[in-house]
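Here are the chains, one letter per residue:
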Amino acid sequence: MNQDLKALLVRLSPQLIALASILLLIFMMFPSFFNIGIQNGRLYGSLIDVLNRGAPVALIAIGMTLVIATKGIDLSVGAVIAITGAVAASSAVAGNSLAYTIVLALGTGLLCGLWNGALVALLGIQPIIATLVLMVAGRGIAQLITEGAILTFNDEGLIFFGSGSLAFLPMPVVIWVVFGLLVALVVRRTALGMLVEAIGINRRASMLSGVRTSVLLMAVYALSGLSAAIAGVIVAADIRGADANNAGLWLELDAILAVVVGGNSLLGGRFSILGSLIGAMIIQAVNTGILLSGFPPEFNLIIKAAIIVVILMIQSPRAATLLEFFRKAPESVKERT
Amino acid sequence: MADHSADILVASEICKSFPGAKALDNVSFSLRAGEVHALLGENGAGKSTLIKCMTGAYARDSGALMLSGSTIDPRDTLAAQQLGIGTVYQEVNLLPNLSVAENLYLGRQPRRFGLTDNRRMNRQARELLNGYGIDIDVTAQLDRYSVAIQQVIAIARAVDLSGKVLILDEPTASLDSHEVAMLFNVVRSLKKRGLGIVFITHFLEQVYEISDRITVLRNGRLVGTHDTAELPRKQLISLMLGRELAQTEHLARMTSANAGEIRFRFSNFGKRGKIKPFDIDVKAGEVIGVAGLLGSGRTETAEVLFGVDHADSGRAEIDGKPVRIGSPRAAIEHGFGFCPEDRKSDGIIGDLSIRENIALALQARRGWSRPLSRAAQNELADRYIKALDIRTTDREKAIRLLSGGNQQKVILARWLATNPQFLILDEPTRGIDVGAHAEIIRLIEDLCDQGMSLLVISSELEELVAYSSRIIVLRDREHVAELQGERISAGAIVEAIAASRLPEDA
């Protein structure tokens, strides 16, 4: 067990180091960054804000990790956030019970995922095209549900998922942490993880070994839809309304980035949900850091891109060999420092 | 070795180490102009490393290289090519979506007014290939042609670029016998033109057919260089292995002849467009051999039996009870196992560990919710690593890092772990080294003795004859003959394949 933990730390060390250095960088500019206080029975502070704001990306990164592990991709998650947000909002406006609303929204997300999964697993359509269908159509569907307007609601129960708190933590943080741990546990305590990795590395060989490749692929896309639905509910609850045009816009790209920054290969195979979650936090920390720094907003995306390029470069295998090269000549390095 | 003046390429005392392993230890090698020199050794003996040191793909640690009497030091394969050393690999290194002519002249197309002169390029390509006895449409896309033709095109390009030394790294691994004959004609004509040719292969028949001298490597050391004519096959094998091979031939057939009752019966089984309906009865404890030329329906037979292609006619019975085999999963439920021919694309899960690869089929059968514990997986992996003598540093190594023979053993272990009743092996010994080859044959015989039913497809007839109790002969996607008992011999198989052609010829 101890050895497994060590292996996990080694695997996640680039992500942890990247996260730590970004937090340190922000701390050096804003010494108050790590200040955390308690107000109204919940924790407040920039760090908590990072965890809270990062919830949607963290959630969809969980499903995306498994999809990418099967050598797939899910571009529709942003649109699914819009759809499920719209479903939750309209259900709340119609006066349905909270449980009914949540089940309806999550069910819709599952259905969206199954649709993607069916296109990929049963019809054999390339994942990027198959999920593009829903990515494009999804916002249209969401607009149909909200009838083109921003649908606001006042259901306190639903709003709780966006701005409530549990055990001093904002509700979104509780949700993504619990959901992430749950999925990671289920995947690793059962054989799902290994079978998903096998499909991603060699689908035909897995099929020939008796792995139910189609069923598992459907399940993985369904999980991605479910993750997006949870994120959709949180996003809607946060703004107390459903914005079909902007909810979850471009979040699929952030989620893919989180998975990659988390050290997972887009070519499928070995994956780490924990890595993706740290990746999501890295991205959110960068976002928050840039906002705090007060750069003109037009610089934000460029700075974010630059930081991510640096992180990806540090992670690349070539960088590792380069580092090895410098370690072989420690004298020259020492002289400079 | 006496006539040094004729040596075109001399490598002396080459050493090369990788982290944790000495891949080449003071290996010397000389190649004469106008000879075919076979470079042999088990997987991991250092053949590829030696080749890569000679072509500049690896930087050697020490030792010297001389080409035509002058010292050379190629930095990379491109430099070696320009010096005159060309290499053709097993997997053709050409661009399948370009035309034949473009492949031949890629990077050096004839130009006119700064533009590619397609007409001249196509004419030159046609002339070049005519020199190899090939007359094809050079403007057609490369992947329209068979691997054998592509192989010759690769050779033509390499010789045209380099022209002194040609290195062929397992060029015949995926060719059938006609194609090998064609390739060898090309090699012989190049030999006459005075090229030195290094030939790496696992097929010993081919070594004796084409090579003039043989150099054997073992564990990174030079074992010796011999004239082919003076080295009997048995001695060659013992040089490669460092030990004598036990003679197991013909013994197995005696034991498997007294097989048990019919367990698996397939009647009128077939799939349109893949394989004509056939009947097979498999008894407990017998090996059924399947022989036929490439494309005769051997793999199709296996895939229909295993449910990869859903049979559209006939029925399957196990112990007299009808069963439906609609998918590999259903086949596995009924105790089937299948080692596919194309190990890389259909067998191994490259990035997963040996442990996971072995556990995969068993785990898939149990379902995702009933995981094999890590301890159980470890036990399983260790047991088969030991039982099948899988050479690896540990069970957590990714399977793609193993040699072909060891990968094959892992795939076999994957099926043995499911405790199968009926095992289908498609070319279980293709592309693996002599040692692993003998071990896999021994394993087939052991399994059969334990009462397992096997169906083995192989293009090595001697091998089939050695362990099969019956042999089914295929041609043109049809089962044309079944040989039993005394009638089983390599000659009889060849006759059966040939005889069945007669009605159509007449």
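Only a predicted model underlies this, so the values are computations on that prediction, with no experimental measurement involved. (Residues numbered from 1 in each chain as written. Chains lettered and ligands numbered in written order. Predicted model: local features only at pLDDT ≥ 70, side-chain atom pairs only at ≥ 80, totals over all residues.)

Here's the deal with the overall build of chain B
At step 1: Looking only at helices and strands, chain B features 19 helices and 22 strands.
At step 2: Relative to the 2.2 N^0.38 estimate, which gives 23 Å for 506 residues, the radius of gyration of chain B is 25 Å and therefore close to what a compact globule would have.
At step 3: By principal-axis analysis of the C-alpha atoms, chain B measures approximately 75 × 55 × 50 Å.
At step 4: Out of the 506 residues belonging to chain B, those deemed buried represent 47%.
At step 5: For chain B, long-range pairs separated by at least 24 residues make up 68% of all intrachain contacts whose partners lie at least 6 apart in sequence. (Helix = DSSP H or I, 4+ residues; strand = E, 2+ residues; numbered from the N terminus. Rg over C-alpha atoms; globule rule 2.2 N^0.38 Å. Buried ≥ 20, exposed ≤ 12 C-beta atoms within 10 Å, placed from the backbone. Contact = placed C-beta atoms within 7 Å.)

What about the domain arrangement of chain B?
Residue and element names in this part refer to chain B.
At step 1: Structurally, chain B comprises domain 1 (4-97 + 141-241), domain 2 (251-335 + 420-505) and domain 3 (350-414).
At step 2: Opposite the nine residues of domain 2 that make contact, domain 3 presents 11 residues.
At step 3: Considering each element in turn, the side of domain 2 that touches domain 3 owes the most residues, four residues, to helix α16 (residues 434-449). (Domains from an automatic or database assignment.)

Concerning the UniProt feature "transmembrane region" (unreviewed entry) in chain A
Residue and element names in this part refer to chain A.
At step 1: Under the UniProt annotation, "transmembrane region" (unreviewed entry) lies at residues 16-38, 50-69, 75-106, 158-187, 213-237, 249-267, 274-295 and 301-326.
At step 2: For residues 50-69, the end-to-end C-alpha separation is 26 Å, with 95% helix and 0% strand making up the annotated structure.
At step 3: End C-alpha atoms of residues 158-187 are separated by 29 Å, and the span's content is 77% helix alongside 13% strand. (UniProt positions renumbered as here; feature names shortened; annotations may be inferred.)

Observations concerning the nonpolar core
At step 1: Counting 181 residues, the largest nonpolar core has A:Ala61, A:Leu195 and A:Ile282 as its most contacted members.
At step 2: The leading source of residues in this core is helix α11 (residues 213-239) of chain A, at 18 residues.
At step 3: A domain-level breakdown of this core finds at least three residues from each of domain 2 (251-335 + 420-505) and domain 3 (350-414) of chain B.
At step 4: Setting aside residues up to four positions removed in sequence, A:Leu195 forms contacts with A:Val211, A:Leu216, B:Ala364 and B:Trp368.
At step 5: In this structure, B:Leu129, B:Leu195, B:Val198 and B:Ile210 belong to the second largest nonpolar core, which totals 67 residues. (Core = buried A, V, L, I, M, F, W, Y, C linked by C-beta atoms within 7 Å.)

Side note on the interface of chain A and chain B
At step 1: In this assembly, 20 residues from chain A lie in contact with 24 residues from chain B.
At step 2: Here the element with the most residues in the side of chain A that touches chain B is helix α9 (residues 192-201) of chain A; it accounts for six residues.
At step 3: Across the side of chain A that touches chain B, the residue classes tally to 10 nonpolar, six polar and four charged. (Nonpolar A, V, L, I, M, F, W, Y, C, P; charged D, E, K, R; others polar.)

Quick look at the sheet that holds strand β9 (residues 165-169) of chain B
Residues and elements named next belong to chain B.
At step 1: Overall, mixed pairing links the six strands, which are arranged β6-β9-β10-β3-β11-β12 in an open sheet. Edge positions in the sheet fall to β6 (85-88) and β12 (221-227), since each has one partner strand and no second. Taken over all neighbouring pairs, the strand axes of this sheet differ in orientation by 20 degrees on average, direction set aside.
At step 2: Direction of pairing for β6 relative to β9: parallel, over a ladder of four bridges. Each residue of the ladder has a partner; that of Gly-86, found in β9, is Leu-166.
At step 3: Running at roughly 150 degrees to strand β10 (residues 196-200), helix α6 (residues 177-192) makes contact with β3 (36-40), β9 and β10 of the sheet. (Pairing = 2+ DSSP bridges. Axes fitted to C-alpha atoms, helices over the stretch in contact; angles between N-to-C directions.)

Topic: the environment of A:Asn96
Residues and elements named next belong to chain A.
At step 1: Among the structural elements, Asn-96 can be located in the loop between α4 (77-93) and α5 (98-122).
At step 2: Taking the C-alpha atoms as reference, Asn-96 lies 9.6 Å from Asp-155; in sequence the two are 59 residues apart.
At step 3: If sequence neighbours within four positions are ignored, Asn-96 has contacts with Ser-91 and Thr-101.

Description of the packing of helix α2 (residues 46-53) of chain A against helix α13 (residues 273-293) of chain A
Residue and element names in this part refer to chain A.
At step 1: Two numbers describe how α2 lies on α13: the axes approach to 9 Å, and their chain directions differ by 125 degrees. With respect to α13, the element α2 is oriented oblique. When you trace α2 past α13, the crossing you get is right-handed. Judged by residue contacts, Ser-46, Asp-49, Val-50 and Arg-53 of α2 engage Met-281, Gln-284, Ala-285, Thr-288 and Leu-292 from α13. (Parallel < 35°, antiparallel > 145°, perpendicular 65-115°, else oblique. Left-handed = near helix turned anticlockwise from the far one by under 90°.)

Re the pairing of β12(B)
The side chains of a regular strand alternate between the sheet's two faces.
All names here are of chain B.
At step 1: Taken together, the six bridges between strand β11 (residues 213-218) and β12 define a ladder with antiparallel strand orientation. Residue Arg-218 lies in a different strand from β12, and its bridge partner there is Arg-221.
At step 2: Counting the residues in the hairpin turn of β11 and β12 gives two residues, including Asn-219, whose phi is positive at 50 degrees.

Comments concerning helix α12 (residues 251-261) of chain A
Residue and element names in this part refer to chain A.
At step 1: Where burial is concerned, most of α12 is hidden: 10 out of the 11 residues are buried.
At step 2: Along α12, the positions that sit buried rather than exposed are Leu-251, Glu-252, Asp-254, Ala-255, Ile-256, Leu-257, Ala-258, Val-259, Val-260 and Val-261.
At step 3: One or two residues past the end of α12 sits Gly-263, with phi positive at roughly 90 degrees.

Quick notes on the pairing of strand β14 (residues 275-283) of chain B
All names here are of chain B.
At step 1: The sheet contact formed by strand β13 (residues 262-271) and β14 spans six bridges and is antiparallel. Each bridged residue has a counterpart across the sheet, and for Arg-265 the counterpart in β14 is Asp-281.
At step 2: Between β13 and the antiparallel strand that follows it, β14, lie three residues; Gly-273 among them carries a positive phi value of about 80 degrees.

Brief notes about the sheet that holds β13(B)
All names here are of chain B.
At step 1: One open sheet accounts for four strands, arranged β14-β13-β16-β17; its pairing is antiparallel. Pairing within the sheet leaves two strands with one partner each, and these edge strands are β14 and β17 (321-323). Going across the sheet, the axis of each strand differs from the next one's by a mean of 25 degrees, ignoring polarity.
At step 2: Note: strand β16 (residues 313-318) against β17, three bridges, orientation antiparallel. From the neighbouring strand, Glu-317 faces β17, where its bridge partner is Pro-322.
At step 3: Across the face of the sheet, helix α10 (residues 298-305) comes into contact with β13 and β14 while running at roughly 115 degrees to β13.

Considerations on the packing of helix α3 (residues 55-69) of chain A against helix α8 (residues 171-189) of chain A
Residue and element names in this part refer to chain A.
At step 1: Remark: α3 packs on α8, axes separated minimally by 9 Å, with the N-to-C direction vectors making an angle of 15 degrees. On the basis of their axis angle, the class for α3 and α8 is roughly parallel. Taken as a pair, α3 and α8 cross one another with a handedness that is left-handed. Residues Ala-55, Ala-58, Leu-59 and Ile-62 of α3 form the contact with α8, whose own contacting residues are Pro-172, Val-173, Ile-175, Trp-176, Phe-179, Gly-180 and Val-183.

So, the confidence of the model for chain B
Any region with low pLDDT has predicted coordinates that should not be read closely.
All names here are of chain B.
At step 1: When pLDDT is averaged across chain B, the result is 84; 92% of the residues are at 70 or more.
At step 2: Counting contacts from residues 244-252, a segment whose pLDDT is below 50, to residues more than four positions away or on other chains yields 12 contacts.
At step 3: Note that residues 500-506 has pLDDT below 50 and, in this model, three contacts with residues that lie over four places away or in other chains.
At step 4: Two summary scores accompany this predicted model of the complex, namely pTM at 0.74 and ipTM at 0.83. (pLDDT = per-residue confidence, 0-100.)

Topic: unusual backbone geometry
At step 1: Despite not being glycine, A:Lys71 has its phi angle at roughly 70 degrees, a positive value.
At step 2: For A:Lys71, the location among the structural elements is in the loop between α3 and α4.
At step 3: A residue is classified by how many C-beta atoms lie within 10 Å of it, and A:Lys71, with 18 of them, is partly exposed.
At step 4: The backbone of B:Glu427 sits at a positive phi, close to 50 degrees, despite the residue not being glycine.
At step 5: In this fold, B:Glu427 is placed in the loop between β19 (422-426) and α16.

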